[in-house]
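# Structural features, examined
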Amino acid sequence: MPNIRPYADHASDVIARLNGMRTLRCPAPDCTLRIRYRAVTPDEARWLAALAQDHARHGSRK
Ligand SMILES: [Zn+2]
């Protein structure tokens, strides 16, 4: 089976951007966490950003 996952991920990111969505990614190199959102309040956006960037809060192992 061909691995089309990287392209599909990139395409969905572009579509998300066109839809006015924001995508957050974890800075940890091995972490695949992504959080997508749109039309959230500033407080919710800040909470989501904090969650995405703090790997200890969503990672399954330290
Ligand atoms: Zn992470």
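This text goes with the structure placed above it.
Here's what I pulled together on the structure shown here. Please read these numbers as outputs of a predicted model, since none were measured by experiment. (Residues numbered from 1 in each chain as written. Predicted model: local features only at pLDDT ≥ 70, side-chain atom pairs only at ≥ 80, totals over all residues. Heavy atoms only, no water.)

With that out of the way, let us pick up helix α2 (residues 42-53). If you check α2, its first and last C-alpha atoms are 16 Å apart, about what 12 residues at 1.5 Å a residue would give, namely 16 Å. Regarding α2, the residues found buried are Ala45, Leu48, Leu51 and Ala52. Projection of α2 onto a plane perpendicular to its axis shows the buried side chains occupying an angular sector of 130°, all on one side. The exposed set on the far side of α2, more than 90 degrees from its buried face, consists of Pro42, Asp43, Arg46 and Gln53. (Helix = DSSP H or I, 4+ residues; strand = E, 2+ residues; numbered from the N terminus. Expected span 1.5 Å × (residues − 1). Buried < 20%, exposed > 50% of the residue type's maximum accessible area, 1.4 Å probe, protein only. Arc of directions from axis to C-beta.)

What follows concerns the pattern of salt bridges. Under the defined criterion, the tally for this structure stands at 4 salt bridges. With its nearest N and O atoms 2.5 Å apart, the salt bridge here joins Asp13 to Arg36. Remark: Arg36 occurs in strand β2 (residues 34-37) and Asp13 occurs in helix α1 (residues 5-18); sequence separation between them is 23 residues. The exposure class of Arg36 is partly exposed, given its relative accessible area of 36%. Between Asp43 and Arg46 there is a salt bridge, with the nearest N and O atoms lying 2.7 Å from each other. Residue Asp43 and its partner Arg46 are located together in helix α2, separated by 3 residues, close to a single helical turn. Neither residue differs from the other here; Asp43 and Arg46 are each classed as exposed. Linked by salt bridges that have partners in common, Asp13, Arg25, Arg34 and Arg36 make up one network. (Salt bridge = Lys/Arg side-chain N within 4 Å of Asp/Glu carboxyl O.)

Glancing now at the coordination of the zinc ion. Only Cys26 (SG), Cys31 (SG), His55 (ND1) and His58 (NE2) from the protein coordinate the zinc ion, and they sit 1.8 to 2.4 Å from it. Bound by 4 donor atoms, the zinc ion shows angles of 103 to 116° at the metal and therefore tetrahedral coordination geometry. Within one chain, the residues donating to the zinc ion are spaced in sequence as C-x4-C-x23-H-x2-H. With Cys26 in the loop between β1 (22-25) and β2 and His58 in helix α3 (residues 55-58), this pair connects stretches of sequence that are 32 residues apart. (Donors = N, O, S within 2.8 Å, 3.2 Å for Na, K, Ca; no water. Tetrahedral: all angles 85-135°; square planar, octahedral: opposite > 155°, others 65-115°.)

Without other data, these values stay purely geometric and don't point to any function.
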